[in-house]
Number of protein chains: 2
Amino acid sequence: MIVRSRRLGRRRLGRWSGVLAGWLAIASAGAQESPQAPPLQVPAKSVPVPADVSPQMAKIIGAPLRSNWNIHPKTGEEWKPVAEAGAAALGKLVPGMLERLKVKVERTTIDGVRAFILTPAEIPPENRDRLLVHVHGGCYVLNPGEAGLPEAIFMAGFGRFKVISVDYRMPPEAYYPAAHDDAMTVWKAATKMADPKKTAIFGTSAGGALTLAMVLRAKQEGLPLPAAIAPGTPMSDTTKVGDSFVTNAMLDNVLVSPDGFCDDGAKVYANGHDLKDPMLSPVYGDMHGFPPTILTTGTRDLLLSNTVRVHRRLRDAGVEAALQVGEGQSHAHYIRDDTAPETRKVFEEIAGFFDKHLGK
Amino acid sequence: MIVRSRRLGRRRLGRWSGVLAGWLAIASAGAQESPQAPPLQVPAKSVPVPADVSPQMAKIIGAPLRSNWNIHPKTGEEWKPVAEAGAAALGKLVPGMLERLKVKVERTTIDGVRAFILTPAEIPPENRDRLLVHVHGGCYVLNPGEAGLPEAIFMAGFGRFKVISVDYRMPPEAYYPAAHDDAMTVWKAATKMADPKKTAIFGTSAGGALTLAMVLRAKQEGLPLPAAIAPGTPMSDTTKVGDSFVTNAMLDNVLVSPDGFCDDGAKVYANGHDLKDPMLSPVYGDMHGFPPTILTTGTRDLLLSNTVRVHRRLRDAGVEAALQVGEGQSHAHYIRDDTAPETRKVFEEIAGFFDKHLGK
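Residues numbered from 1 in each chain as written. Chains lettered and ligands numbered in written order. Predicted model: local features only at pLDDT ≥ 70, side-chain atom pairs only at ≥ 80, totals over all residues. Heavy atoms only, no water.

Going by an unreviewed UniProt entry, chain A carries the name Alpha/beta hydrolase and comes from Methylobacterium nonmethylotrophicum.

This is how it looks when you write it as structure tokens:
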């Protein structure tokens, strides 16, 4: 019981008295309020680059919205030139990344699937028997070939791990479940190349969703699971559920809008398949038995909600799950510039998580 | 070295070809761009309550902006009636919370400092020798007396811990460092009531900042540190640095704006003291040697950035630090309604973290 030492509410409260009562009414108003509150009208705002980020990250954050974010290619054939133009531009950045991070890369095929093998110049003893599998992002339609490599290079370089990066089939070459199948083919091979207890899977955006989907499929098919995973800002819900689809729209300078290009890319890949299938919206999958998971997102990320929703679902399933959120960062800003200290920290954090959970 | 298996860029790329190149230019444009990019102009938007939250949390999220969020009481005397009105309203909710969560509370004084002792109906064996210290929030000017108890009740009830909640002095009774001093007085007493290895400190908002400041002061003064802390959406930077001060302005329905009432409350308490002092902006404090820390925030929280910045600083200092982010939640929404499943999960997560790190 509370012993009240003084009487409140009897004295004259002055001009501010109603203020907090109004605030607090929010907490207790449950019963009176409509369950469907009207949308909040948020005014236009002018958003500067935050003061507390590195100069490199400030440039990435301060860039204007991606030009033509609202294109809507409707077929695999329409996506192909978009993907190729992007890959040509991004591919030019890859040699510098490889050089700075002292990583070698070679093309290969693994049981018929295109892939790259990335090897850091120096592999510390504890990582010699470890192997990571990477699935790149790009809305299931972008970043073919070398364009899918930056994140794999960062992981190999900052973490000093061997990495296999899957150059999975995309539209118009093939549609769902081709990318998933290719990733699983490589995963099966990887579990023979290394003890699964010494492996991990990682990827960002569509690659984050694929990372989660691969674990769901491995569970379904009775395959070994990796010892840890690192889905970065996963496209975990392609049905447009997730608060930050609205709150971070026109603020995230990469994805920009839930009705932008990326949504169309996923739909073209899905090719009519139910978007709510956990293979395409893994937030709805059964996460019991998942390996330890580290998630990465940013405060301006259009997929902030769909990253924290996965985190919550994993925790609900009793899975060890860590979350890192980059100040001011939009979708996947952390895989842009290996010279940004924020980038290094993200990958060192993931590497530390893997080091903790992978056998040696 | 990369072995290129095909030549890109020679074929006709079609109408989408410039799109991705534009996007990708962002990544490589560093050298050409001005270090101070112009602010991003984000248009007005209509933000519905997210679909993926409980009915209870939907009501909290769907509430309109706090009425009179832009009041600016400039003295302790002006704050007093505001605080008393709020406390009278919030105090009415406390008996129901105590009853539902089966927690008893009694007023006390500890070495001259007002406090409450909270005791759950049942204390499991592993918690019998453990003790938590709670510091309430309210911009250093609000939530006197019972109004500061909800979070302490939730922690005691969901976690089944004994809790001491500090009813620290606030303006106009006293100014900086009075609240800090009171909290430290109770902390010193707590370290004699229980083995510090079996204690933790927690609090939300100003209480989150106080939690961090208490560890900084304990380090400075050579006092024992708690075995873990749980600063919830800490007011870790009162100098207005932090991206979400802008990005979540007019979206967070509790704090609403960095220029709202809370900023004035902190300034009145500071009473001219440098706001950048880590005692008032603990994000600038030296976090080496901090105990394991679990931070809580929400995607719409005005202090989202200042929570994730603390997380990053802790990790940089080598501290074990966990982060949980509530979908769609504004500032401190998780300490509103104990019947919301989201609330229970937040406190169970913190309780699990404490259980892992506190001696038995």
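Caption draft 1: View of the state of the cysteines. Residues and elements named next belong to chain A. In the structure shown here, the tally under the stated rule is two disulfides over all chains. Across a sulfur-sulfur distance of 2.2 Å, C139 and C262 are joined as a disulfide pair. Where C139 bonds to C262 through sulfur, the torsion about that S-S bond is close to -105 degrees, and the disulfide is left-handed. With C139 in the loop between β5 (131-135) and α5 (150-159) and C262 in helix α9 (residues 261-270), this residue pair connects regions lying 123 residues apart in the sequence. In this structure C139 comes out as buried when scored by relative accessible area, which is 2%. A relative accessible area of 8% means that C262 is categorised as buried. (Disulfide = S-S within 2.5 Å. Helix = DSSP H or I, 4+ residues; strand = E, 2+ residues; numbered from the N terminus. Buried < 20%, exposed > 50% of the residue type's maximum accessible area, 1.4 Å probe, protein only.)

Caption draft 2: Looking closely at the sheet that holds strand β6 (residues 163-166) of chain B. Residues and elements named next belong to chain B. Spatially, β3-β4-β6-β5-β7-β8-β9-β10 is the arrangement adopted by the eight strands of the open sheet, whose pairing is mixed. What marks the edges here is a single partner per strand, and that holds for β3 (103-110) and β10 (321-326). Strand-to-strand twist in this sheet, taken as the mean axis angle between neighbours without regard to direction, amounts to 20 degrees. Pairing geometry for strand β8 (residues 228-232) and strand β9 (residues 293-298), over two bridges, is parallel. The residue of β9 that forms the bridge with G232 is T296. The sheet contacts of helix α7 (residues 206-220) involve β5 (131-135), β7 (199-204) and β8, and relative to β7 the element is tilted by about 145 degrees. (Pairing = 2+ DSSP bridges. Axes fitted to C-alpha atoms, helices over the stretch in contact; angles between N-to-C directions. Contact = heavy atoms within 4.5 Å.)

Caption draft 3: How the structure looks around the environment of N253 of chain A. Residue and element names in this part refer to chain A. Checked against the element boundaries, N253 lands in the loop between α8 (244-247) and α9. The exposure class of N253 is buried, given its relative accessible area of 1%. Measuring from C-alpha to C-alpha, the distance between N253 and L314 comes to 28 Å, with 61 residues separating the pair along the chain.

Caption draft 4: The pairing of β8 of chain B, seen in detail. All names here are of chain B. With five of five residues buried, β8 is to be regarded as a mostly interior element. Burial of the side chains of β8 extends over both faces: A228, A230 and G232 are buried on one face and I229 and P231 on the other. In terms of strand pairing, β7 meets β8 through five bridges, oriented parallel. Bridged to F202 within β8 is A230. At this point the chain moves from β7, through α7, to the parallel β8, and the crossover so formed is right-handed. (Right-handed = clockwise from strand over helix to strand, strands pointing away.)

Caption draft 5: The layout of surface pockets, seen in detail. Its volume calculated, the largest pocket comes out at about 660 Å³. E320, A322 and K356 of chain A together with E320 and A322 of chain B are the residues nearest the centre of the largest pocket, which is lined by 25 residues in total. At the level of elements, α10 (304-316), β10 (321-326) and α11 (341-357) of chain A together with α10 (304-316), β10 and α11 (341-357) of chain B are the ones that each hand at least two residues to the lining of the largest pocket. Grouping the amino acids of the lining of the largest pocket by side-chain chemistry returns 11 nonpolar, six polar and eight charged. (1 Å grid on protein atoms, 1.4 Å probe; cavity = no way out; pocket = protein on both sides within 12 Å on 5 of 7 lines; lining within 4 Å. Points joined across faces, edges and corners; volume = space filled by probe spheres on them. Nonpolar A, V, L, I, M, F, W, Y, C, P; charged D, E, K, R; others polar.)

Caption draft 6: Spatial organisation of the side chain of Q329 of chain A. For Q329 of chain A, the location among the structural elements is in the loop between β10 and α11. Not counting residues within four places of it along the chain, the set of residues in contact with Q329 of chain A comprises M57, I61, G298, T299, R300, D301, Y334 and E342 of chain A.

Caption draft 7: Molecular detail of the packing of helix α4 (residues 94-101) of chain A against α5 of chain A. All names here are of chain A. Between α4 and α5, the least distance of the axes is 9 Å, while the angle of their chain directions is 5 degrees. Considering the angle they form, α4 stands roughly parallel to α5. Of the residues in α5, those touching α4 at V94, M97, L98 and L101 are P150, I153, F154, G157 and F158. The residue inventory of the contact of α4 with α5, partitioned by class, reads eight nonpolar, one polar and no charged. (Parallel < 35°, antiparallel > 145°, perpendicular 65-115°, else oblique.)

Caption draft 8: Summary view of the sheet that holds β5 of chain A. Residue and element names in this part refer to chain A. Spatial ordering of the open sheet is given by β3-β4-β6-β5-β7-β8-β9-β10, a layout of eight strands whose pairing is mixed. With partners counted over all chains shown, the strands left at the sheet margins are β3 (103-110) and β10, one partner each. Sheet twist, expressed as the average angle between the axes of neighbouring strands with direction ignored, equals 20 degrees. Bridge count for β5 against strand β6 (residues 163-166) is four bridges, and the pairing is parallel. Bridge pairing links H134 to S165 in β6.

Caption draft 9: Region of the structure containing the nonpolar core. By size, the foremost hydrophobic cluster in this structure holds 132 residues, and its most contacted members are Y140 and F290 of chain A together with Y140 and F290 of chain B. Among all residues touching Y140 of chain B, those that are not within four sequence positions of it are M170, P171, H180, A206, A209, L210, M235, A266, Y269, M279 and L280 of chain B. Counting 34 residues, the second largest nonpolar core, distinct from the first, contains L98, L101, F202 and A351 of chain B. (Core = buried A, V, L, I, M, F, W, Y, C linked by side-chain atoms within 4.5 Å.)

Caption draft 10: Structural detail: the pattern of salt bridges. In this structure the tally under the stated criterion is 50 salt bridges over all chains. Between D52 of chain B and R309 of chain A there is a salt bridge, with its nearest N and O atoms 2.5 Å apart. With D52 of chain B in the loop between β2 (45-47) and α2 (55-62) and R309 of chain A in helix α10, this residue pair bridges two chains. Using a relative accessible area of 24% as the deciding quantity, one classes D52 of chain B as partly exposed. One salt-bridge network, in which partners are shared between bridges, spans R107, R114, E146, D167 and E173 of chain A. (Salt bridge = Lys/Arg side-chain N within 4 Å of Asp/Glu carboxyl O.)

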